[in-house]
Amino acid sequence: MSSPTAHAHHAPQGFIRKYVFSLDHKVIGIQYYFLGLFSVLIGLTLSVLMRFHMVYPDVKVSLFEKLWPVGAQGGIMTPELYLSLMTMHGTIMVFFVLTTVPQSGFGNYFLPIQIGAEDMAFPVLNMMSFWTTFVALVVMVAAFFVKGGAPLAGWTGYPPLSALGPVSGPGEGTGQTLWIVSIAIFCFASLMGAINFIATTIDLRAKGMTLMRMPLTCWTWLVTAILGLLGFAVLLSAGVLLVLDREAGTSFFIPAGLLVSDQIQNHKGGSPLLWQHLFWFFGHPEVYIAILPGMGVASQLLSTFSRKPIFGYRAMVFAILAIGFLGFLVWGHHMFMSGMSPYSALAFSVLTMCIGVPSAIKTFNWIGTLWGGKIRFTTAMMFALGFVSLFVSGGISGIFLGQPALDLYFHDTYFVVGHFHMIMGVAAIFGMFAGTFYWFPKMFGRMMNETLGKLHFYLSFIGVYAIFTPMHFLGVAGNPRRYADFTNYDFMNPLMPIHKFMTHAAYFTAAVQIIFLINLFWSIKKGARATENPWEATTLEWTIPSPPPFDNFGGKHPVVYRGAYEYGVPGADKDYIMQNDPAQTPAH
Amino acid sequence: MLLAPIIWVLTVIICYIFAAHTWWFPPPISAHGMDYDAQFTRTLVITGVIFFVAQFALGYAIIKFRDNGGRASYTHGNNKMEALWTSATAVLFIGLVLMGTKIWASVHFTEAPADAMPIEVLGKQFAWNFRYPGPDAKFGHTDIHMVNDQGGNPFGIDSKDPASKDDITSGSLRVPAGKPIKLILHSQDVIHNFFVRELRLKQDIVPGMEIPFHFQADTPGTYEVPCSELCGLGHHQMRTTLIVLPPADFDKWMKEQLAAK
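Note that the structure is predicted; figures quoted are calculated from it, not measured.

**Q** Any chance you could explain the overall build of chain B here in plain terms?
**A** A count of helices and strands for chain B gives five helices and 10 strands. Against the compact-globule benchmark of 18 Å for 261 residues, chain B has a radius of gyration of 26 Å, which places it well outside the compact range. Once the C-alpha set of chain B is aligned to its principal axes, its extents read approximately 90 × 35 × 35 Å. Counting across all 261 residues of chain B, residues that qualify as buried make up 38%.

**Q** Would you take a moment to explain the interface of chain B and chain A for this structure?
**A** You'll often see interface size given as the accessible area lost when the parts meet. With 82 residues of chain B at the contact, the number on the chain A side is 96 residues. Top contributing element to the side of chain B that touches chain A by residue count: helix 2 (residues 31–64) of chain B, with 13 residues. Class assignment of the residues belonging to the side of chain B that touches chain A gives a composition of 46 nonpolar, 24 polar and 12 charged.

**Q** Is there a simple way to think about the sheet that holds strand 1 (residues 117–124) of chain B in this case?
**A** Two pairing modes exist for strands in a sheet, parallel and antiparallel, and in both the strands are linked by backbone hydrogen bonds. All names here are of chain B. The mixed open sheet is built from five strands, whose spatial order is 3-2-1-5-8. Two strands close off the open sheet at either side, each with one partner strand: strand 3 (168–170) and strand 8 (211–216). Direction aside, neighbouring strands of the sheet carry axes that sit 25 degrees apart on average. Across three bridges, the pairing between strand 2 (residues 127–132) and strand 3 is antiparallel. Counterpart to phenylalanine 130 in the pairing with strand 3 is serine 170.

**Q** Quick question: what am I supposed to make of the domain arrangement of chain B here?
**A** Residues and elements named next belong to chain B. Under the domain assignment used here, chain B contains domain 1 (3–65 + 81–108) and domain 2 (117–260). Opposite the 10 residues of domain 1 that make contact, domain 2 presents 12 residues. Looking at which element gives the most residues to the side of domain 1 that touches domain 2, the answer is helix 2, with three residues. Each residue belonging to the side of domain 1 that touches domain 2 can be placed in one class, and the counts come to seven nonpolar, three polar and no charged.

**Q** Before we go on, may I ask you to explain the sheet that holds strand 9 (residues 221–226) of chain B in this structure?
**A** All names here are of chain B. Spatial strand order, 4-10-9: three strands in an open sheet with mixed pairing. Of all strands in the sheet, those with a lone pairing partner are strand 4 (173–176) and strand 9, marking the two edges. When strand polarity is set aside, the average angle formed by the axes of neighbouring strands in this sheet is 20 degrees. Strand direction decides the pairing type here: strand 4 and strand 10 (residues 239–245), joined by four bridges, are parallel.

**Q** Explain the nonpolar core to me, please; I cannot follow it from the model alone.
**A** Residues and elements named next belong to chain A. With 244 residues, the main nonpolar core has Ala298, Leu301, Phe383, Ala384, Phe387, Ala427 and Ala434 as its most contacted residues. Looking at this core, the element that brings in the most residues is helix 14 (residues 414–444), giving 21 residues. Ignoring sequence-local partners within four residues, the contact set of alanine 298 consists of Trp366, Ala384, Phe387, Val388, Gly431 and Ala434.

**Q** I keep staring at the confidence of the model for chain B and nothing clicks. Help me out?
**A** Segments scoring low in pLDDT should not have their predicted coordinates read at a detailed level. On average, chain B scores 95 in pLDDT, and the residues at 70 or more come to 100%. Predicted complex metrics record ipTM = 0.97 and pTM = 0.96.

**Q** What should I look at first to understand the packing of helix 2 of chain B against helix 4 (residues 101–108) of chain B in this one?
**A** In a pair of packed helices, the angle between the axes and the distance between the axes together describe the arrangement. Residues and elements named next belong to chain B. Contact pair helix 2 / helix 4: the axes reach a minimum separation of 10 Å and the direction vectors enclose 155 degrees. Classified by the interaxial angle, the pair formed by helix 2 and helix 4 is roughly antiparallel. Crossing hand, helix 2 versus helix 4: left-handed. Facing helix 2, whose interface residues are His32, Asp35, Tyr36 and Gln39, helix 4 presents Ile103, Ser106 and Val107. Considering only residue class, the contact of helix 2 with helix 4 consists of three nonpolar, three polar and one charged.

**Q** I keep staring at the pairing of strand 7 (residues 201–205) of chain B and nothing clicks. Help me out?
**A** All names here are of chain B. Most of strand 7 sits inside the fold, with five of its five residues counted as buried. Side chains of strand 7 alternate between two faces, with Leu201, Gln203 and Ile205 and Lys202 and Asp204 buried alike. Sheet topology places strand 6 (residues 192–196) next to strand 7; five bridges connect them, and they run antiparallel. The partner of phenylalanine 195 across the bridge, within strand 7, is lysine 202.

**Q** When you look at the packing of helix 12 (residues 379–401) of chain A against helix 14 of chain A in this model, what are you seeing that I'm missing?
**A** Residue and element names in this part refer to chain A. Where helix 12 meets helix 14, the closest approach of the two axes is 8 Å, and the angle between their N-to-C directions is 160 degrees. The orientation of helix 12 with respect to helix 14, classified from their angle, is roughly antiparallel. In this structure, the crossing between helix 12 and helix 14 has a hand that is left-handed. Within the contact of helix 12 with helix 14, the residues separate by chemical class into 19 nonpolar, 10 polar and no charged.

Basis of the calculations
Residues numbered from 1 in each chain as written. Chains lettered and ligands numbered in written order. Predicted model: local features only at pLDDT ≥ 70, side-chain atom pairs only at ≥ 80, totals over all residues. Helix = DSSP H or I, 4+ residues; strand = E, 2+ residues; numbered from the N terminus. Rg over C-alpha atoms; globule rule 2.2 N^0.38 Å. Buried ≥ 20, exposed ≤ 12 C-beta atoms within 10 Å, placed from the backbone. Contact = placed C-beta atoms within 7 Å. Nonpolar A, V, L, I, M, F, W, Y, C, P; charged D, E, K, R; others polar. Pairing = 2+ DSSP bridges. Axes fitted to C-alpha atoms, helices over the stretch in contact; angles between N-to-C directions. Domains from an automatic or database assignment. Core = buried A, V, L, I, M, F, W, Y, C linked by C-beta atoms within 7 Å. pLDDT = per-residue confidence, 0-100. Parallel < 35°, antiparallel > 145°, perpendicular 65-115°, else oblique. Left-handed = near helix turned anticlockwise from the far one by under 90°.

Take a look at the structure:
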């Protein structure tokens, strides 16, 4: 382990250098956070529009006609408009929210500090990774404004639907191309970020900060970065091949003999399944990228606010590594019905069940951490507890979907939509809320309002259960996903009350997020001043001022003597011992 | 505190709705369907217990271990417990998937019986078409240049091929009850998916591939078929029906179709 490299660090001067093209990982982390916040508001709005249309497909809304004169003529959303909103909802949420905030937002800000470093290993690369992500977002949003509008092939973009151009549907022209280009740009940004996280974690740990003394957040950021490095490279390649099929007359994904909109397609030799393999080889690690940092935050908070060490640190590290490794071996469970070899389904399903094991270990250990603890119910802790409950709920439905025999019914139904929303759309989001309430004092030097925080938590917790649990019942009833409306099938008529319930729950829960926004922005300006360590936590970020100086440790090099979870140590004079405290009790 | 009873109430409501079958599968119409339901129930019971216990333990911990002064019990874990619940989880999860293997194998590892009735399925944006080979048991030659949806030739059947003379096409899928059926799935344009809830079966239909898929429906009735893979703006309207007829009625229908040719 090499010693932290000196950056010959001078405080940045000037507005542009301090706040726009900053090299400071803390500023970059905040930039990513607000990019993610902006994106989640877009994604949330899209989902509310979707839920409205699903239950009121014939209701005229003059606002729709103003926004989309072609896609919503007469104020009624066309199915192609619905599908494009759905595509962009998934894409923006997965890439610009779930892949940015937990890793590039909180990870950027706190990885260097938690390991005792002045900054990331490559500050210039860090700055470039943010601005590249920003450009990717601009390109993605631009897809709404081009002729034909945004693409309609889903966030998974399966060819031939996504590869044939406008002949296969509106939005499949420039909109689809911009979508691919945006994602390709995002891949570059992610690769830059991944390199930085890995190099930083390996090389810049302070004296005494062994890998097994790192907070679990650092482990999740490291493994997430490795997943990103390997996964995004494959997605980038897939995107290049898809663009070539669309623009250069190649046929990687398009077989011969297609007749689309009465036009014979001039392609041959390609396989639609090839895209699915490439996409999901990225796509499965991607969902672990989305959840692992949230798991790290949950571990951190459950220990801190139970005043007790994390239960089974070594097992938790093992579980993170196992999830990362196995995450690359299970992509076929997204393809059980795809027409790929049914024998491969056996391999993929056994591996998928295996990956359920480390997830279960983490859940048991979270509850084990609480057990025998002295729980402090701060808002941050509430979100961590909520995370555990939601992770259990979302994970359980995975046991059904991981079995190809059961997937014969559940594939492409709302059961799947319920499953991934519980895990990504809720548990991961709660992980971000937890991180926000926990680290806000350090980032902004002020406390968030606890009353508003708890109100937001309780209403959101009930709200998300109300929105996403019924999706499992819809799935059992066989309700397919990605349908603009449900008026064409007799069997779906009795399911409309469920859809209406979910829509109203969505309105309610979306509105509740205003409480969070008020809390966030008001507290930045007017929150009570925060001390250095308001939570009495042990990790290195709580040894420096709130907010920290530009070089984190004021030119000093911290030395670490113990692990990150020394709470409630018998014989110690306080119920927590900081990692950099050399004091009497034997170090771990 | 307040979170614990909220978690408990949500857990009880969710378990109740599942147990009471408030919204449920339609009744199965095949032996495979009954096997499917048994595996689903097994999975539901096991996961239901885990769900219930985990959420209750979480709620219990929230109430029992709230801070009222003093120190927490200092422990870094318990290796024996780790080993125990890790192995139990592994056995349960892997056991479940292995139990379902027979069902998967019967659908995908076995060929259709030799006497299965072959029926060609053609999915296209946004309609279903089915073709029976007729008494000569041969499907007539098709050519993409001859496809004419408006003119009643969705398959592009080449009428010059003698084998095509007795081919019967239909917009809905009629089959005799109690007889094995072998579908041959084709797509003309993008990926679609053939799904019948009552059969507990679905299969993606992939352009460039000819995918065989066999089943046997035992209960007469009409069952809706919703396309189940996003195929474009008409995906939610791409509907057909599986009509299971008593064998005598099916034969009558087939004779009527052949006579009408």
